[in-house]
Amino acid sequence: MQDSKDALAEVVRSLCLSIIKPFVLIAPTRLHLSPAVETLLAQKDSLFIALNEDLYLGDAPRFLTRRDKTEIFAPLIGQVPEPDSGGTVFFPTPPGTTWLQIKIQFRDGHTVTIWAGDQSGRYTYTQMGMASRKNGNPTEQWKLLEGFANSRGEIDWHSRYASDKLKKQKQELSKHLREFFRLDDDPIEWVKDTKTYRCKFRILPEGAEVY
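Residues numbered from 1 in each chain as written. Predicted model: local features only at pLDDT ≥ 70, side-chain atom pairs only at ≥ 80, totals over all residues. Heavy atoms only, no water.

**Q** Describe the pattern of salt bridges, naming the residues involved and giving the relevant values.
**A** This structure, assessed with the given rule, holds 9 salt bridges. Note that Glu154 and Arg198 form a salt bridge whose closest N and O atoms lie 3.0 Å from each other. With Glu154 in strand 8 (residues 154-156) and Arg198 in strand 10 (residues 196-199), this pair connects stretches of sequence that are 44 residues apart. Assessed through its relative accessible area of 37%, Glu154 is described here as partly exposed. Of the charged contacts in the structure, one is a salt bridge between Glu172 and Lys168, with a shortest N-O distance of 3.6 Å. Linking Glu172 with Lys168, this pair stays in helix 7 (residues 166-181), spanning 4 residues, or about one helical turn. Overall, Lys168 belongs to the exposed group, its relative accessible area being 51%. One salt-bridge network, held together by shared partners, links Glu154, Glu189 and Arg198. (Salt bridge = Lys/Arg side-chain N within 4 Å of Asp/Glu carboxyl O. Helix = DSSP H or I, 4+ residues; strand = E, 2+ residues; numbered from the N terminus. Buried < 20%, exposed > 50% of the residue type's maximum accessible area, 1.4 Å probe, protein only.)

Structure representation (C-alpha cells):
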C-alpha cells in the first residue's frame, strides 16, 4: 500500500533482489505502477494484481472477483509444479508450435529463459525435470543442454562435450524436452553426413545477443 511511484518502485526492487522465483504483487490500484516497475516485474516473470480492478463487494456482503482465478493467475500457472512432480512444471507451448519456433537461452548454470510464440518464461533445471533425485544437483542431461548452448546447438564427436555416453544422454535429454514442451517429435536430430547432433530449436549461451 505505497503512496507514491518511488515508494512502490523501491518495494519491487527489494522483492526482485530477495525472491528468486516469480511472485505476485498485489496493490489497491495500479495508480503508482510506473513503466519501470512493469519492466522489473516482467523481467522477473512476476504478476501484478490491482484489487480495485479484480474485486467488488457482493450482496452477502463479501468480496468477489470479476475474473476466474485461472484467468487471473494464467501467466504463472505454467510455473506451478504438479503434485508429486518433484518440482517439474510444463511450458505453456502454444498450439501448433514446432521446435523451430522455440528459443532457449542460458541465464546461468541453473536457469534458462524460453520463448515460443507469445509465451515466455524463466525456468530452472529442477522445473524442467533435470534435477538429480539423490542430491538435487543438475543431471548430465542438463549439462548436455548447456553444452549445446555453448556449442550453438551442435555437438559432434570432436566436441569437448562428447563422450561414450553421448547417445544415451541425448536420448534422455530429448525425452525431458518433449515432456516439458509437450511436443511429440524429437528436438535433437542426428546429421549423418557430419556425424553431428543438432538441436532443431535455437539455443544460446549466457550473455549471447538475443534477436
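**Q** Got a sec to walk through the pairing of strand 7 (residues 119-124)? Specific residues and values, please.
**A** Both strand 6 (residues 111-116) and strand 7 contribute to a ladder of 6 bridges, which runs antiparallel. From the neighbouring strand, Ala116 faces strand 7, where its bridge partner is Gln119. Between strand 6 and strand 7, which pair antiparallel and follow one another directly, the connecting turn spans 2 residues, one of which, Gly117, has a positive phi of 60°. (Pairing = 2+ DSSP bridges.)

**Q** Describe a nonpolar patch on the surface, with residues and values.
**A** On the surface, Val24, Ile26, Leu51 and Phe73 cluster together into a nonpolar patch covering about 300 Å² of accessible area. The partly exposed category is assigned to Leu51, whose relative accessible area is 34%. (Patch = residues over 30% accessible without salt bridge, like charges linked within 9 Å, V, L, I, M, F, W, Y side chains within 5 Å. Areas by Shrake-Rupley, 256 points an atom, 1.4 Å probe, with all protein chains shown as cover.)

It is worth stressing that arrangement in space is one thing and function is another; only the former is reported here.
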